[in-house]
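# Descriptive analysis of the structure
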Amino acid sequence: MLRIKDIALEANVSEGTVDRVLHNRGGVSKKTEEKIKKILQERNFIQNPVASALAMQTNFSIGVLIPEFTDEDIFWKSPYYGILKASNEVKNTGIRVDYYSFNQSEPSSYIAAFTKLIATKPSAVLLVPFFIEKTKKILHQLKALNIECYFLNIEPLGFDDVRFIGQDAYNAGFIAGKLMNLSIPENTSTLIIKTKNQVKNQTISSRIKGYENYFIENKLKNTVTKLTIDNFTDLSSNRKIIEAFLEKNKTIKGVFVPSSRISQIVACLSEEHLKNLKLIGFDNIEKNIELLKDDSVAFLISQKPFEQGYEAIRLIADQLKYKKKIATKIYLPIDILIKENVIYHDLNQKLFENENYPK
């Protein structure tokens, strides 16, 4: 008997993609859809109506609330794609995923999106706890409704009763410190650059703490300094501020950007400074990868954001459907990217994008 799995293997796509074509759910490129339909016709595939009906039944739902992605901040596209891929797969087991996004600079947007989410009466909620005080109110509401909540990507302090799926931010910063120490001479200093609105971001704070503690715990002579700018987008103003700071502090030989915005810092540096500084940042977004390839950036630390989104939905689905126990903290691997290995990274996301969103 020909199975959906067999069709997927022959078409070199996921089972979820075949299922979307069978049920006319959309989200598949025209080329891929035609290829799958051709195989179905050639193999005389007959769908089991009883099994199909069972698969279409929705027994549980997961409400997802994460920041929207923009051209300026493309990072959140990766976890969104991971969530989308897993959503297509768990749909066949009777689990619906409802996705909502918010503007990360507007707390009111966060609450407005959650209000829409909670109206769907979800079985569980996966959210990025961007605004701590607002998150406390959300958790209080979910607890009253007996709805379990899971945090994605950001692990704020004081929420030990909420399961977390993402990266160990402190350890990632500690690793960045070690990489920097191996890259710069003794008795020099390094610079951490962050923005004012990142001061309350506990993921950023944990990375910075881990970075600083590497030098402290190992009693190294390299010193760590900090520079806080208003935002990452005002390149003209930032260029003057950063260049002036570097001219004043000539012992700085390394720059650590504890976020995905290292490309906007590179844009502020002169060729001379780029030549003499070691730069370390986070996240393998396209702009950062190009800088890694041309040696402007020495290392990128990946959070595996696609896997974060994908694994979160799969884990929650297993908990809802099969009552599987989930650890309180699920940390994904910390990947160190250099120009020689970056092309092999995030193949799962690349395959998903090529299959569903071909350029």
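Residues numbered from 1 in each chain as written. Predicted model: local features only at pLDDT ≥ 70, side-chain atom pairs only at ≥ 80, totals over all residues. Heavy atoms only, no water.

The protein is annotated in an unreviewed UniProt entry as HTH lacI-type domain-containing protein from Polaribacter glomeratus.

## Things to note about the overall build of the protein
In terms of helices and strands, the protein carries 15 helices and 12 strands. On C-alpha atoms alone, the protein measures out to a radius of gyration of 23 Å, which is about the 21 Å that the 2.2 N^0.38 rule sets for 359 residues. In terms of overall dimensions, the protein has C-alpha extents of about 75 × 50 × 35 Å along its principal axes. A sequence separation of at least 24 residues applies to 72% of the contacts in the protein between residues at least 6 apart. Working note: accessible area of the protein is about 18,100 Å², and carbon and sulfur atoms make up 52% of it. Each charge class in the protein was averaged separately, 50 positive and 42 negative side chains, and the resulting centres sit 3 Å apart. (Helix = DSSP H or I, 4+ residues; strand = E, 2+ residues; numbered from the N terminus. Rg over C-alpha atoms; globule rule 2.2 N^0.38 Å. Contact = heavy atoms within 4.5 Å. Areas by Shrake-Rupley, 256 points an atom, 1.4 Å probe, with all protein chains shown as cover. Lys, Arg positive; Asp, Glu negative; His and termini not counted. Charge placed at Lys NZ, Arg CZ, Asp CG, Glu CD.)

## Some details on the nonpolar core
Ile62, Val64, Ile83, Leu126, Leu152 and Ile313 are the most contacted members of the largest nonpolar core, which totals 30 residues. At the level of elements, β1 (60–67), α5 (77–90), β2 (95–102), β3 (124–127), β4 (148–152) and α14 (305–322) are the ones that each hand at least two residues to this core. The element contributing the most residues to this core is α14, with 7 residues. Excluding anything up to four places from it in sequence, Leu126 contacts Gly63, Val64, Leu65, Ile83, Tyr150, Phe151, Leu152, Ala312, Ile313 and Ile316. Counting 25 residues, the second largest nonpolar core, distinct from the first, contains Leu191, Leu246, Val257 and Leu274. (Core = buried A, V, L, I, M, F, W, Y, C linked by side-chain atoms within 4.5 Å. Buried < 20%, exposed > 50% of the residue type's maximum accessible area, 1.4 Å probe, protein only.)

## Some remarks on the packing of aromatic side chains
Enumeration over the complete set of coordinates arrives at 19 aromatic pairs. Taken together, a centroid distance of 4.9 Å and an interplanar angle of 85 degrees make the contact between Phe75 and Trp76 edge-to-face. Taken together, the ring pairs in this structure connect Tyr170, Phe174, Tyr211, Tyr214, Phe215, Phe256 and Phe282 into an aromatic cluster. Between the NZ or CZ atom of Arg207 and the centre of the ring of Phe282, over which it lies, the distance is 3.9 Å. (Phe/Tyr/Trp six-rings, centres within 6.5 Å; stacked < 30°, edge-to-face > 60°. Lys NZ or Arg CZ within 6 Å of the ring centre and 35° of its normal.)

## Here's the deal with the pairing of strand β7 (residues 223–229)
Both strand β6 (residues 189–195) and β7 contribute to a ladder of 7 bridges, which runs parallel. Bridging across to β7, Leu191 finds its partner in Thr225. (Pairing = 2+ DSSP bridges.)

## Structural notes on the sheet that holds β4
Sheet architecture is open: 6 strands sit in the order β2-β1-β3-β4-β5-β11, paired in parallel fashion. At either end of the open sheet lies a strand with only one pairing partner, and these are β2 and β11 (329–331). Across the sheet, the mean angle separating the axes of adjacent strands is 20 degrees when strand polarity is ignored. With 3 bridges connecting them, β4 and strand β5 (residues 163–166) associate as parallel partners. In the strand pairing of β5, Tyr150 is matched with Arg163. (Axes fitted to C-alpha atoms, helices over the stretch in contact; angles between N-to-C directions.)

## Here's the deal with the sheet that holds β7
Read from one edge of the open sheet, 6 strands run β7-β6-β8-β9-β10-β12, paired in mixed fashion. Every interior strand has two partners, whereas the edge strands, β7 and β12 (335–337), have only one. With strand direction ignored, the average angle separating the axes of adjacent strands in the sheet is 20 degrees. The sheet contacts of helix α8 (residues 169–183) involve β6, β8 (252–256), β9 (278–282), β10 (299–302) and β12, and relative to β9 the element is tilted by about 165 degrees.

## Here's the deal with the side chain of His345
Structurally, His345 is set in the loop between β12 and α15 (347–356). A polar side-chain atom of His345 sits 2.9 Å from a polar atom in the side chain of Ser302. Not counting the four nearest positions on each side in its chain, His345 is found in contact with Asn284, Ser302, Lys304, Asp335, Leu337 and Lys350. (Polar contact = N/O pair within 3.5 Å; in protein donor to acceptor, adjacent residues only side chain to side chain.)

## Quick notes on helix α1 (residues 4–11)
What α1 keeps buried is the set Ile7, Ala8 and Ala11. Buried residues in α1, looked at end-on, bunch into an arc of 100 degrees, giving them a common side. The elements touched by buried residues of α1 are α2 (15–22) and α3 (30–42). Of the residues trailing α1, Asn12 is marked for its positive phi of about 60 degrees. (Arc of directions from axis to C-beta.)

## Re the packing of helix α6 (residues 107–118) against helix α7 (residues 132–144)
When two helices pack together, you describe them by how their axes are tilted relative to each other and by the distance separating the axes. For the pair α6 and α7, the least separation of the axes is 11 Å and the interaxial angle reads 15 degrees. For the element pair α6 / α7, the angle class is roughly parallel. The chirality of how α6 crosses α7 is right-handed. Along its contact with α6, which presents Pro107, Tyr110, Ile111, Phe114 and Ile118, the element α7 presents Lys134, Thr135, Ile138, Gln141 and Leu142. (Parallel < 35°, antiparallel > 145°, perpendicular 65-115°, else oblique. Left-handed = near helix turned anticlockwise from the far one by under 90°.)

## Some remarks on the domain arrangement of the protein
A common way to report how large an interface is uses the accessible area buried once the components associate. According to the domain assignment, the protein contains domain 1 (4–55), domain 2 (60–167 + 305–333) and domain 3 (169–302). Each of domain 2 and domain 3 was reduced to a C-alpha centroid, and the two centroids are 29 Å apart. When the buried surface of domain 2 facing domain 3 is broken down by residue, Glu72, Phe75 and Gln167 rank first, second and third, together holding 43% of it. The interface formed by domain 2 and domain 3 contains 0 salt bridges. Here domain 2 and domain 3 share 3 residue pairs in polar contact (both at pLDDT 80 or more) between them. Classifying every residue of the side of domain 2 that touches domain 3 by side-chain character gives 8 nonpolar, 2 polar and 4 charged. (Domains from an automatic or database assignment. Buried area = accessible area lost by both parts, 1.4 Å probe. Salt bridge = Lys/Arg side-chain N within 4 Å of Asp/Glu carboxyl O. Nonpolar A, V, L, I, M, F, W, Y, C, P; charged D, E, K, R; others polar.)

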